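Summary of the model geometry
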Amino acid sequence: NNCGLCDTVCSHIKTPEIKSILKNDDVFGRYLNVYSTYSKDTGIRYNASTAGFIRSFVAENIKRFDGVISLTKTDDPLLPEFKLLTCVDEFLKCMTKSIYFAKEGSEIVKLLKENKGKCIVIGLPCQIATLKNIDSKIRKRIFTIELFCGAVYSLNLMEKYFNLKNISPSKIDFRDKESGWHNFSLSLYDNEILTDNNCTISQKIIRTKANDDEFYFAQRNKFCTLDACLKCKYCYQGTG
């Protein structure tokens with residue numbers, strides 16, 4: 001309706017002021033300190049995209065908050081949704097791994113308005129920056145975890161990729177470690193149940209190493225990347 005409110009909070013237009021910054025770096029931008037960390041739980045670490053840090057951090061600290069808002073899995077792998085989760089088991093079961101397509105972040109605001117407690121919020125730097133621009137009262141109620149981001153893509157691109165692979169997946173794993181931690185694969189799991197010559201029922205899986213995959217070739221060379229991502233102010237510097 002041309003009210004202009006989106007322009008007043010959009011992180012692509014309005015950059016939040018960053019305070020209390022002690023250091024500056026060409027890669028990390030402005031920051032206080034940098035740490036390397038991973039989960040000691042090998043099961044969590046193997047099934048996560050952040051070496052399990054976020055899952056372990058939330059498991060350790062969720063009781064200090066009224067919940068955690070995270071992107072969660074649904075029956076449609078292209079339609080994950082933000083949910084407010086209040087227990088560790090639910091969080092570990094529902095949280096998504098890495099995704100590379102755009103997801104509307106205004107759902108986070110709706111959840112925060114419906115629930116007045118203090119929350120951990122997990123999102124992309126641009127989503128977190130916009131969230132902090134919306135309302136100072138909201139900003140005081142959230143502890144944020146920003147994900148490293150290498151750009152996101154449209155659902156149209158993902159659908160064309162599925163057509164190329166001739167599959168309608170029920171699950172996507174962008175960083176499947178089956179072929180190795182550093183030589184990971186992009187794996188698509190089909191709904192279809194196939195029967196081989198021995199009459200053994202198995203699920204159809206298309207697993208392509210990232211170095212040989214068409215999607216990752218486009219991703220690493222920034223083909224089809226959203227314009228806002230190419231001009232991102234937060235990919236190295238966070239939101240403060």
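Structure: see above.
Scoring rules and cut-offs
- Residues numbered from 1 in each chain as written.
- Predicted model: local features only at pLDDT ≥ 70, side-chain atom pairs only at ≥ 80, totals over all residues.
- Heavy atoms only, no water.
- Disulfide = S-S within 2.5 Å.
- Buried < 20%, exposed > 50% of the residue type's maximum accessible area, 1.4 Å probe, protein only.
- Helix = DSSP H or I, 4+ residues; strand = E, 2+ residues; numbered from the N terminus.
- Arc of directions from axis to C-beta.
- Contact = heavy atoms within 4.5 Å.
- Phe/Tyr/Trp six-rings, centres within 6.5 Å; stacked < 30°, edge-to-face > 60°.
- Lys NZ or Arg CZ within 6 Å of the ring centre and 35° of its normal.

With the rule as written, the count across this model stands at zero disulfides. Not engaged in a disulfide, the cysteine C87 finds its nearest cysteine sulfur in C94; these two sulfurs lie 8.4 Å apart. No disulfide involves C229; its sulfur sits 5.7 Å from the nearest other cysteine sulfur, which is in C149. The exposure class assigned to C229 is partly exposed, which follows from its relative accessible area of 21%.

Time to look at helix 3 (residues 53-61). By the burial criterion, the buried members of helix 3 are I54, R55, V58 and N61. For helix 3, the buried positions fall inside an angular range of 150 degrees around the axis, keeping them on one side. Against helix 2 (42-46), strand 3 (68-72), helix 4 (88-94), strand 5 (119-123) and strand 6 (142-146) lie the buried residues of helix 3.

Turning next to the packing of aromatic side chains. Considering all chains together, one arrives at 15 aromatic pairs under this definition. An aromatic cluster is built from Y100, F101, Y153, Y161, F162, F174, F184, F215 and Y216, whose rings are joined through pairwise contacts. Its guanidinium or amino end placed over the ring of Y189, K171 lies 4.7 Å from that ring's centre, counting from NZ or CZ.

Let us now look at the environment of S11. Structurally, S11 can be placed in the loop between helix 1 (5-9) and strand 1 (23-25). Sequence separation between S11 and K132 is 121 residues, and the spatial gap between their C-alpha atoms is 9.2 Å. If we ignore the near neighbours within four places in the chain, the residues touching S11 are C126, A129, T130, N133, K233 and Y234.

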